[in-house]
Amino acid sequence: MSLFKARDWWSTILGDKEEFDQGCLCLANVDNSGNGQDKIIVGSFMGYLRIFSPHPAKTGDGAQAEDLLLEVDLRDPVLQVEVGKFVSGTEMLHLAVLHSRKLCVYSVSGTLGNVEHGNQCQMKLMYEHNLQRTACNMTYGSFGGVKGRDLICIQSMDGMLMVFEQESYAFGRFLPGFLLPGPLAYSSRTDSFLTVSSCQQVESYKYQVLAFATDADKRQETEQQKLGSGKRLVVDWTLNIGEQALDICIVSFNQSASSVFVLGERNFFCLKDNGQIRFMKKLDWSPSCFLPYCSVSEGTINTLIGNHNNMLHIYQDVTLKWATQLPHIPVAVRVGCLHDLKGVIVTLSDDGHLQCSYLGTDPSLFQAPNVQSRELNYDELDVEMKELQKIIKDVNKSQGVWPMTEREDDLNVSVVVSPNFDSISQATDVEVGTDLVPSVTVKVTLQNRVILQKAKLSVYVQPPLELTCDQFTFQFMTPDLTRTVSFSVYLKRSYTPSELEGNAVVSYSRPTDRNPDGIPRVIQCKFRLPLKLICLPGQPSKTASHKITIDTNKSPVSLLSLFPGFASQSDDDQVNVMGFHFLGGARITVLASKTSQRYRIQSEQFEDLWLITNELILRLQEYFEKQGVKDFACSFSGSIPLQEYFELIDHHFELRINGEKLEELLSERAVQFRAIQRRLLARFKDKTPAPLQHLDTLLDGTYKQVIALADAVEENQGNLFQSFTRLKSATHLVILLIALWQKLSADQVAILEAAFLPLQEDTQELGWEETVDAAISHLLKTCLSKSSKEQAMNLNSQLNIPKDTSQLKKHITLLCDRLAKGGRLCLSTDAAAPQTMVMPGGCTTIPESDLEERSVEQDSTELFTNHRHLTAETPRPGGVFLHKLSLLAAIHVRCDLLLLAFHHDCETTPATWNSTCSDQLLGVSRCWQCCTN
């Protein structure tokens, strides 16, 4: 806790979900009371005007009912409030309220309270001006040196200054070269208006010049000013500050000197009244508001500056004198006299936190106790330390790192997925080829047991699945409340997600006696989306490039009973065949044997087999659980399809390499573009004109290349994201097959998933290949090591993108080989199992299907493998064949990169295609054909 903080004298929260800005706060004796005490006037964008007169019984008390003198709904957003001599015939103070299309001046009078309700205020409308243009801000003062009254100047959103002489409209002038409105202030000593234009310049306009310039009640007349009819509006002086300004303020030392203060986005400027810089201060944080005022030291100015770090800094010129902590981010700050307390700092946040505070420190009430000197018995301390270490070790072994206590949850989260589609699909901006993309409703119910703070629900599904809303906020101010939210899920893009599981995570804070802010906690609940959300019934396919066979220990189940919503035929002869059609375009066929206990899943794309295979196994488990069968098990006896898996890895890695090359080219073209710009700028600034020497043509060509490369980078990123999703699907499938093949436990499967799926998203800085290679190398070094030499092997601590994928594919093959020889996955290195198992070959085909093209005699003698174009004599993974495949894959990647480079060069220089690129392309084609043969 900081000693230097704003001591809370009085504070309150204004309204509910109202918004405020820097012009919404004003301090003045608006009711003209005899004691001269200031009142706090606050307006909001919701149209409410409030007047406060704080009278806390003791420091730190909140607002009481009698502190609010007036609250009125003006029905129009309040942009700014000011207090001055705005009514003719009197020098009493009146309240000016600026709306977007109206300026109202009110008389505020106070009424003494005779009972405990306290004093009250009444507000009477004196006059109003309807504005022809939308207002932005206003300023007031004795324009032209008038005595005893204040005039008002309003700046519109289109750059017009409208001057009102109290009840009458005086004139309007357009600012030259206007684009966006900036802060506005009036200097009484120089009788001029100061603003900061969109050109990041401080501009000063004399009031006399504004008054005698050509009338600009119509925008078209600004063109007449340029033609010389009447006097033009000429700026008095300008100063370029190089950044946009947040606010501007004028402070006078005396009658002979004044200073102009400008608060920028990163700097704080103090100018003389002629535009020269007195001093400037570079700020190390982002400011939000400021207020300059005269210092007790003669010739110096104190400035209050609030920032977005909840801090309030007090500067004397450029010297930091005080820094204090605020409970909110201030958007407006004022200093006044409240309840006979001078120098009260009043701050207002954008959400309505109004606080009156003063600067001070907290005294230290802690007194250190007297130290009792005694001799230490180190032997007893050693014994006690060993006992405590033993207790800690026992707890960690039995219950994990964090000992869990049995207690009732603070918050219960449940998720229900609707079994039916939405009657009106909520899918928007979809990129799927089908006409209608369905959506399904998901309901999340939260029920609290105790009071909770800042409960935030975040929902996540695997892309390309999309949510209509994924963030929700709750407040559980009383126990036993139930909150229910619903949202829809749909498929947005034309490829298949890697998982159908979603996750609902709730983070909340539970307050305790020692920590009122609460202890942060997280609870999550997983849910599963229906398969029909991304899949439709389809016709079974007779041929497929990729096939896998799942063995079971129970009699085959009818596919119509397993997938009731996907039955496209009612013929009993086809109950063992079912087709699926993903919305992304892929088609999958499932075949169930009539006699054996096998199921086959086949498709044209390897990664598309994952979702249907996983869904088949889950539905088989649910079916037999309902039947009361507890010993149901699935197995896989085929060879692990590493070749298809490696092709997806190579494709993903190739896109990463292409992305790096495109980003390097884009960086080079950007450097070239900036160099040409500098050369052109030097030519244009040269006093003696010189020819451009086709620099403009080179600039235009470089610009087109930058745009084309940026589009190529964006397209490659989209392809890379889609490739990573397909790679995750294939990885899930390989892990499932390895688990069924070696009958791995749930803990061992979790280790495999952590090694093969460490990232939700991969980037150029940290990609899938290097992360998985490090994880698999660690497994090979520890639990799957064959000798102590491998255990002593040091791994590279830096994860850099590899040159190729040969090392990764070698390690994956070695992992499967170690598992086939009896290796066991665990997190400790003392689990050495005898490696005596032999990797199985394959399984026979299923001849019962009517879609099988081969005869029963051929199927009985031919082995079924999961590789395309492989026979029973094909070597198993880990042999010479995979080494050749890796070499061919590397050659394929190299040839594709060369083709991409030739294609890029020929697009940039089409004239050279016939002479150069055709010969090089022919050479690459012959090289690829030779290597494949």
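Residues numbered from 1 in each chain as written. Predicted model: local features only at pLDDT ≥ 70, side-chain atom pairs only at ≥ 80, totals over all residues. Heavy atoms only, no water.

This brings us to the sheet that holds strand 12 (residues 160–165). As a general point, the strands of a sheet are linked pairwise by backbone hydrogen bonds and lie either parallel or antiparallel. Read across the sheet, four strands follow the order 10-11-12-13 without closing on themselves; strand pairing throughout is antiparallel. The open sheet has two edge strands with one neighbour each: strand 10 (135–141) and strand 13 (168–174). Adjacent strand axes in the sheet meet at a mean angle of 20°, parallel and antiparallel pairs treated alike. Sheet topology places strand 12 next to strand 13; six bridges connect them, and they run antiparallel. Paired with Glu-165 across the two strands is Ser-168, which belongs to strand 13. (Pairing = 2+ DSSP bridges. Helix = DSSP H or I, 4+ residues; strand = E, 2+ residues; numbered from the N terminus. Axes fitted to C-alpha atoms, helices over the stretch in contact; angles between N-to-C directions.)

Here the focus is the pairing of strand 2 (residues 25–28). Looking along a regular strand, one sees side chains alternate from face to face of the sheet. Going residue by residue along strand 2, you find Leu-25 and Leu-27 tucked away on one face and Cys-26 and Ala-28 tucked away on the opposite face as well. With four bridges connecting them, strand 2 and strand 3 (residues 39–43) associate as antiparallel partners. Counted as the bridge partner of Leu-27 is Ile-40 from strand 3. (Buried < 20%, exposed > 50% of the residue type's maximum accessible area, 1.4 Å probe, protein only.)

What follows deals with the pattern of salt bridges. Considering all chains together, one arrives at 20 salt bridges under this definition. For Asp-76, the salt bridge goes to Lys-102, with nearest N and O atoms at 3.5 Å. One end of the pair, Asp-76, is in the loop between strand 5 (68–73) and strand 6 (80–84); the other, Lys-102, is in strand 8 (residues 102–111), with 26 residues separating them in the sequence. Relative accessible area serves as the criterion here: at 27%, Asp-76 is assigned to the partly exposed category. (Salt bridge = Lys/Arg side-chain N within 4 Å of Asp/Glu carboxyl O.)

The next thing to look at is a nonpolar patch on the surface. Where nonpolar side chains cluster on the molecular surface, the patch consists of Val-209, Val-234 and Val-235 and spans about 200 Å² of accessible area. Looking at the secondary structure, you find Val-234 in the loop between helix 2 (221–227) and strand 17 (237–240). (Patch = residues over 30% accessible without salt bridge, like charges linked within 9 Å, V, L, I, M, F, W, Y side chains within 5 Å. Areas by Shrake-Rupley, 256 points an atom, 1.4 Å probe, with all protein chains shown as cover.)

Taken together, the side chains of Asp-379, Glu-380, Asp-382, Glu-384 and Glu-387 present a region of like negative charge at the surface. Turning to its location among the elements, Asp-379 is positioned in helix 3 (residues 378–399). (Lys, Arg positive; Asp, Glu negative; His and termini not counted. Charge placed at Lys NZ, Arg CZ, Asp CG, Glu CD.)

Note on placement: Thr-12 falls in strand 1 (residues 4–13). The buried category is assigned to Thr-12, whose relative accessible area is 15%.

In this fold, His-308 is placed in the loop between strand 23 (301–307) and strand 24 (311–316). Counting along the chain gives 19 residues from His-308 to Cys-289, while the straight-line C-alpha distance between them is 9.5 Å.

Tallied over the full model, the rule gives zero disulfides. Between Cys-826, a cysteine without a disulfide, and Cys-783, which holds the nearest cysteine sulfur, the sulfur-to-sulfur distance is 5.0 Å. (Disulfide = S-S within 2.5 Å.)

For strand 4 (residues 48–52), a buried count of four out of five residues is recorded, marking the element as mostly surrounded by other parts of the structure. Looking at chain direction, strand 3 and strand 4 are connected through four bridges and run antiparallel. Of the residues in strand 4, the one forming a bridge with Val-42 is Arg-50. Counted between consecutive antiparallel strands, the loop separating strand 3 from strand 4 contains four residues, among which Gly-47 sits at a positive phi close to 100°. Where strand 4 meets strand 5, five bridges bridge the pair, whose relative direction is antiparallel. Among the inter-strand pairings, Arg-50 is bridged to a residue of strand 5, identified as Glu-71.

With that out of the way, let us pick up the nonpolar core. Core analysis: the biggest nonpolar cluster contains 106 residues, and Leu-457, Phe-580, Tyr-645 and Phe-756 have the highest contact counts within it. Among the elements that make up this core, the one with the highest residue count is helix 7 (residues 695–742) (12 residues). The residues contacting Phe-756, other than those within four sequence positions of it, are Tyr-645, Thr-731, Ile-735, Trp-768, Val-772, Ile-776, Ile-812 and Leu-815. If you look at the next biggest cluster of nonpolar residues, it comprises 18 residues, including Cys-26, Ala-28, Val-30 and Cys-104. (Core = buried A, V, L, I, M, F, W, Y, C linked by side-chain atoms within 4.5 Å. Contact = heavy atoms within 4.5 Å.)

To continue, consider the packing of helix 7 against helix 8 (residues 746–756). Interaxial distance between helix 7 and helix 8 falls to 10 Å at its minimum, and their mutual angle equals 155°. By the criterion of interaxial angle, the relationship of helix 7 to helix 8 is roughly antiparallel. Both helix 7 and helix 8 take part in a crossing whose hand is right-handed. In this structure, helix 7 uses Thr-731, Ile-735, Ile-738 and Ala-739 to contact helix 8, whose residues at the interface are Val-749, Leu-752, Glu-753 and Phe-756. (Parallel < 35°, antiparallel > 145°, perpendicular 65-115°, else oblique. Left-handed = near helix turned anticlockwise from the far one by under 90°.)

In this model, Pro-463 is joined to Pro-464 through a cis peptide bond whose omega is 10°. Although it is not a glycine, Lys-17 adopts a positive phi angle of roughly 60°. Looking at the secondary structure, you find Lys-17 in the loop between strand 1 and strand 2. For Lys-17, a relative accessible area of 76% corresponds to the exposed category. With a phi angle near 65°, Gln-200 is a residue other than glycine that sits in the positive phi range. Mapping Gln-200 onto the fold places it in the loop between strand 15 (192–196) and strand 16 (201–206). Overall, Gln-200 belongs to the partly exposed group, its relative accessible area being 26%.

Attention now moves to helix 7. A rise of 1.5 Å per residue sets the reference length of helix 7, with its 48 residues, at 70 Å; its end C-alpha atoms lie 68 Å apart and thus fit the reference within 8%. Looking one or two places after helix 7, you find Lys-743, whose phi comes out positive at around 55°. (Expected span 1.5 Å × (residues − 1).)

Moving on to the sheet that holds strand 29 (residues 411–421). Within the open sheet, the four strands sit side by side as 29-30-34-32. Their pairing is antiparallel. Of all the strands in the sheet, the pair left with one neighbour each is strand 29 and strand 32 (465–467). Here the average twist between neighbouring strands, direction ignored, is 25°. As judged from the three bridges shared by strand 32 and strand 34 (residues 482–491), these two strands associate in the antiparallel manner. Residue pairing across strands places Glu-466 opposite Tyr-490, the latter belonging to strand 34.

What follows is about helix 9 (residues 768–781). Relative to the 20 Å expected for 14 residues at 1.5 Å per residue, helix 9 spans 20 Å between its end C-alpha atoms, a close match to the ideal helical length. Of all the 14 residues making up helix 9, 11 are buried; the element is thus mostly covered by neighbouring parts of the structure. If you check which residues of helix 9 are buried, you get Trp-768, Glu-769, Glu-770, Thr-771, Val-772, Asp-773, Ile-776, Ser-777, Leu-779, Leu-780 and Lys-781.

For the rest of this paragraph, the subject is the environment of Gly-172. As for its position among the elements, Gly-172 is in strand 13. Of the residues examined, Gly-172 reaches a relative accessible area of 0% and is grouped as buried. Gly-172 sits 41 residues away from Ala-213 along the chain, and the two C-alpha atoms are 9.6 Å apart.

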